[in-house]
Structures are given as structure tokens and as C-alpha cells.
Amino acid sequence: MNDPTTDRHWAAAALPKAAPAIATTTVLALARIWNANGAEHSVGNAALMTALSLGAAAAGVAAGNATGDSVLVGTAFAASGALAFAGVAGYADGLPLPLLLWSLATAGAYGLAARYWRRDRRDTVAHERQTSERREEYAHIERVETLRATTQIEVARTGAAYADQLAQALVTRATLPGFDPKALEAAGLPEIPQGDR
């Protein structure tokens, strides 16, 4: 009935909070590697990243209109932003502009993620509350049923002890002189079988 308690490792608890910064830092690092390998001031590479970014944004708009799935739309727009960021960071010749874009992208990613984290936290708290209420209700039902079963067992034991005492009393009385089983039957008591007399 009780769930086992598990203790999460600190890294597992911190990883979701670090994911936006890890993602934007990875894009920045890859863009700067791309810059060092010939993307700097390359119009073809800039056009490619622009086309990919616009394609991802168009996919986000299409997904929003077709399905209305906010996670899919958010993913498409995040990909569009990451591609645009990578294109600028790969095309630029210095670090100030890519670092500025990295800080803006990281802040934006945390802003969007915070919304989902709040909703997830509300859902988790609601689930925990419902689970706790169900556990309390089931524990109450279990206690009531245990009391009822214990009472039934005690009543059955008492009834069996009474029946045993009555049978012993009838057997003892049958051995007394002047015992008349017909008088007992006339009084409404059940007939004593012949084998017990």
C-alpha cells in the first residue's frame, strides 16, 4: 500500500534546471567551432542557417495550426531560434555578439522553461494530494473492515463458547435424577438427540 521512498541523486535533481544553459552553451560552442572552420563571413553558410531557421519557424506555425500541441510548437520555435543563434554566432568575427546572443537565448530559454516547470510542479502537487487522500481513505476503510472482521470473529467465538457450554449443561443435567427431556421440549427447547442422553 505504501510506495517505497527513493532519494534522488543531486545531479539528477539539478539536471533539468541546467538543461537550458547546457543547450545554449552547446549551440554557442558548436557555432564557434563552425566559425573557426570557415563559416565566418560566409554568405552561403549564413543563407543555409537562415533557411533552416525559417523552415523550423514555419514548421512551428504549421504544427500550431494543425495540432495545437504547445510542446511541438515550442520545440519547433526553439529549434528555429537555435539555428538563427548558431548562424549569427558562426558568421560573426568576434565573441561579443555571440556572447550577447547566448545570454539572451539562455534567459529566454529559462523564461520559457519556468512556465513549464510551474505547471509541472502544480500537477505534481495535485497528484501527491490526490494520492494522499486516496491512501487516507483506503487506510480508513481498512481499519473499519479490520474492526468489523474482528468483531465478527469475537461474536463467532462467543457463540461457539455459549453453544459448547449449553451442550455441556444439557449433558450434565441429563445425568441428574428426575431429568425429563419431554418437559424441556414442551418449554420450547430443542429436542436432545437420543445419542447424547
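Before reading further, recall that the structure is shown in the block above.
As the structure is a computational prediction, the values presented were derived from the model and not from experiment.

About the criteria used
Residues numbered from 1 in each chain as written. Predicted model: local features only at pLDDT ≥ 70, side-chain atom pairs only at ≥ 80, totals over all residues. Heavy atoms only, no water. Patch = residues over 30% accessible without salt bridge, like charges linked within 9 Å, V, L, I, M, F, W, Y side chains within 5 Å. Areas by Shrake-Rupley, 256 points an atom, 1.4 Å probe, with all protein chains shown as cover. Salt bridge = Lys/Arg side-chain N within 4 Å of Asp/Glu carboxyl O. Helix = DSSP H or I, 4+ residues; strand = E, 2+ residues; numbered from the N terminus. Buried < 20%, exposed > 50% of the residue type's maximum accessible area, 1.4 Å probe, protein only. Core = buried A, V, L, I, M, F, W, Y, C linked by side-chain atoms within 4.5 Å. Contact = heavy atoms within 4.5 Å. Expected span 1.5 Å × (residues − 1).

Even after reading the chapter, I still don't get a nonpolar patch on the surface, so can you show me in this structure?
A cluster of nonpolar residues, Val88, Leu97, Leu100 and Leu104, forms a patch on the protein surface that exposes about 340 Å² of accessible area. A per-element tally of the nonpolar patch places helix H4 (residues 96-174) first, with 3 residues. Structurally, Leu100 can be placed in helix H4. For Leu100, a relative accessible area of 47% translates into the label partly exposed.

Honestly, the nonpolar core in this entry has me stumped. Any pointers?
Side chains that are nonpolar tend, in soluble globular proteins, to be buried together. Among the nonpolar cores identified, the biggest contains 6 residues, and these are Leu28, Ala31, Met49, Phe85, Ala86 and Ala89. The set of elements that each furnish at least two residues to this core consists of helix H1 (10-39) and helix H3 (70-91). With 3 residues, the single largest contributor to this core is H3. Discounting residues that sit within four places of it in the chain, Met49 has contacts with Trp34, Leu83, Ala86 and Gly87.

Could you clarify how one ought to interpret H4 in this entry?
Note on helix geometry: an α-helix contains 3.6 residues per turn, so any two residues three or four positions apart are oriented the same way. With 79 residues, H4 extends 113 Å between its outermost C-alpha atoms, agreeing within 8% with the 117 Å of an ideal straight helix rising 1.5 Å per residue. Among all positions in H4, only Pro98, Thr106, Ala113 and Thr131 are buried. Structurally, H4 contributes buried residues whose contacts are with H1 and H3.

Any chance you could explain the pattern of salt bridges here in plain terms?
Two side chains that carry opposite charge are able to pair once their charged atoms sit near each other. Per the counting criterion, the structure on display carries 2 salt bridges. Close ionic contact of Glu145 with Arg148 constitutes a salt bridge, the shortest N to O distance being 2.6 Å. Pair noted here: Glu145 and Arg148 are both in helix H4, with a separation of 3 residues, about one helical turn. Residue classification places Glu145 among the partly exposed residues on the basis of a relative accessible area of 35%. Linking Glu154 and Arg157 is a salt bridge whose minimum nitrogen-to-oxygen distance equals 3.2 Å. Taken together, the residues span about one helical turn, with Glu154 and Arg157 both in helix H4 at a distance of 3 residues.

What is the right way to read the environment of Asp93 from this model?
As for its position among the elements, Asp93 is in the loop between H3 and H4. Residue Asp93 is classed as exposed on the basis of its relative accessible area, which comes to 52%. Spatially, the C-alpha atoms of Asp93 and Ala109 are 25 Å apart, while their sequence positions differ by 16 residues. The contact partners of Asp93, leaving out residues within four places of it in the chain, are Arg32, Glu40 and His41.

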